[in-house]
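Fold and geometry: a report
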Amino acid sequence: MSFNHEIHYAAFRAAFVLTLDCMLRESLDLPNAVARPGGFLDVYPLFLGTAPQIQLECLLRTWDQLLASETPLTQFDDAVINAAFETLAKMGELTTTPTLSSVWKGPKLLATACDHWVTSKVRALQLAFDQTTSSESVRLERKLDDHNPVGGIISGIEAPSPSEEFLTVVGRWRASGDVVLGSNGLLTEEEQDLLRVFFEEQSGLLR
């Protein structure tokens, strides 16, 4: 998918805002924290429970891939983009909330208005999106329902496949500091400072 529409940018901003909120809430260790989403990738049941800092790393890594246009996107990158679209679409259904407004307060000035048409614009773009990653997620979820899911998935793989890229995300805890703290073009200086302070205080979350 070519990176030529500011809706992509807004979607990644929405995914960042949601995941950052989940990460900050989890750090407070509030009651019933497990019941809350861990981030934007929770749109895929396969990734439910994935640590928010890992979801943030996935988001920013794919963002960097989009900016480096010479680098081909993987199937997992496509899944990240689609999940970001879904996050923005859901936020667009509640345009009166301050959450959507914070998406528009990023470093880039958007011509697209922050209004009730946001969801429709996202859905229109999704119609042109390659849905093969959704099929891959469903296939993996079915395999994970087996009595011995890990053996069932790994035993039949003789060469690297998209399945491996999906599965390496599940269960990880420590995110890459270079990716999480080194992204460009998506976050404001205040948001970058917030991340630095947060991960200084929660040093066990980065590697």
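What comes next is a walk through the structure.

Rules behind the numbers
- Residues numbered from 1 in each chain as written.
- Predicted model: local features only at pLDDT ≥ 70, side-chain atom pairs only at ≥ 80, totals over all residues.
- Heavy atoms only, no water.
- Helix = DSSP H or I, 4+ residues; strand = E, 2+ residues; numbered from the N terminus.
- Buried < 20%, exposed > 50% of the residue type's maximum accessible area, 1.4 Å probe, protein only.
- Phe/Tyr/Trp six-rings, centres within 6.5 Å; stacked < 30°, edge-to-face > 60°.
- Lys NZ or Arg CZ within 6 Å of the ring centre and 35° of its normal.
- Salt bridge = Lys/Arg side-chain N within 4 Å of Asp/Glu carboxyl O.
- Core = buried A, V, L, I, M, F, W, Y, C linked by side-chain atoms within 4.5 Å.
- Contact = heavy atoms within 4.5 Å.
- Axes fitted to C-alpha atoms, helices over the stretch in contact; angles between N-to-C directions.
- Parallel < 35°, antiparallel > 145°, perpendicular 65-115°, else oblique.
- Left-handed = near helix turned anticlockwise from the far one by under 90°.
- Nonpolar A, V, L, I, M, F, W, Y, C, P; charged D, E, K, R; others polar.

**Notes on the environment of Val 170**
Locating Val 170 in the fold gives a position in the loop between helix H8 (162-167) and helix H9 (177-180). Take Val 170: its relative accessible area is 37%, and that puts it in the partly exposed class. As a C-alpha pair, Val 170 and Gly 49 span 121 residues in sequence and 8.3 Å in three-dimensional space.

**Regarding the packing of aromatic side chains**
Using the criterion set out here, one finds 7 aromatic pairs in the structure. Here the aromatic rings of Tyr 9 and Trp 63 are separated by 6.1 Å at their centres, their planes lie at 55°, and the arrangement is tilted. One end of the pair, Tyr 9, is in helix H1 (residues 6-27); the other, Trp 63, is in helix H2 (residues 52-67), and 54 residues separate them in sequence. The pair formed by Tyr 9 and Trp 63 is uniform in burial state, with each residue classed as buried. For the ring pair Phe 12 and Trp 63, a centre distance of 5.6 Å and an interplane angle of 50° mean the geometry is tilted. With a gap of 51 residues between them, Phe 12 in helix H1 and Trp 63 in helix H2 connect regions that are remote in the sequence. Each of the two residues, Phe 12 as well as Trp 63, counts as buried. Among the aromatic side chains, those forming a connected cluster through ring pairs are Tyr 44, Phe 47, Phe 76 and Phe 166. Over the ring of Tyr 9 we find Lys 108; its NZ or CZ atom is 5.5 Å from the centre of that ring.

**Some details on the pattern of salt bridges**
Under the criterion given, the structure shown has 6 salt bridges. The salt bridge involving Glu 57 is made with Arg 61; its shortest N-O contact spans 2.7 Å. Remark: Arg 61 and Glu 57 occur in helix H2; sequence separation between them is 4 residues, near one turn of the helix. When its relative accessible area of 2% is taken as the criterion, Glu 57 is described as buried. Asp 193 is the salt-bridge partner of Arg 196, the closest N and O atoms lying 2.9 Å from each other. Remark: Asp 193 and Arg 196 occur in helix H10 (residues 189-201); sequence separation between them is 3 residues, near one turn of the helix.

**Focus on the nonpolar core**
It is characteristic of soluble globular proteins that their nonpolar side chains tend to be buried jointly. In this structure, Phe 12, Leu 41, Leu 88 and Phe 199 are the most contacted members of the largest nonpolar core, which totals 53 residues. If you list the elements that add at least two residues to this core, you get H1, H2, helix H3 (75-92), helix H4 (98-103), helix H5 (118-126), H9 and H10. Among the elements that take part in this core, H1 stands out by supplying 11 residues, more than any other. Dropping the residues within four chain positions of it, Phe 199 is found in contact with Met 23, Gln 53, Leu 56, Val 180, Leu 181, Leu 205 and Leu 206.

**Description of the packing of H1 against H10**
Axis separation between H1 and H10 bottoms out at 12 Å; the angle between their running directions is 30°. Considering their axes alone, H1 and H10 lie roughly parallel with respect to each other. The handedness of the crossing between H1 and H10 is left-handed. Residue-level contacts link Arg 13, Phe 16, Leu 20, Met 23, Leu 24 and Ser 27 of H1 to Glu 191, Leu 194, Leu 195, Phe 198 and Phe 199 of H10. Partitioning the contact of H1 with H10 into residue classes produces 8 nonpolar, 1 polar and 2 charged.

**Notes on the packing of H2 against H3**
Close contact between H2 and H3 brings their axes to 10 Å; oriented N to C, the two are set at 110°. In this view, H2 runs roughly perpendicular relative to H3, as classed from their interaxial angle. Residues Cys 58, Leu 59, Thr 62, Gln 65 and Leu 66 of H2 form the contact with H3, whose own contacting residues are Phe 76, Asp 77, Val 80 and Ile 81.

Remember that the coordinates give geometry; whether it matters functionally is a separate question.
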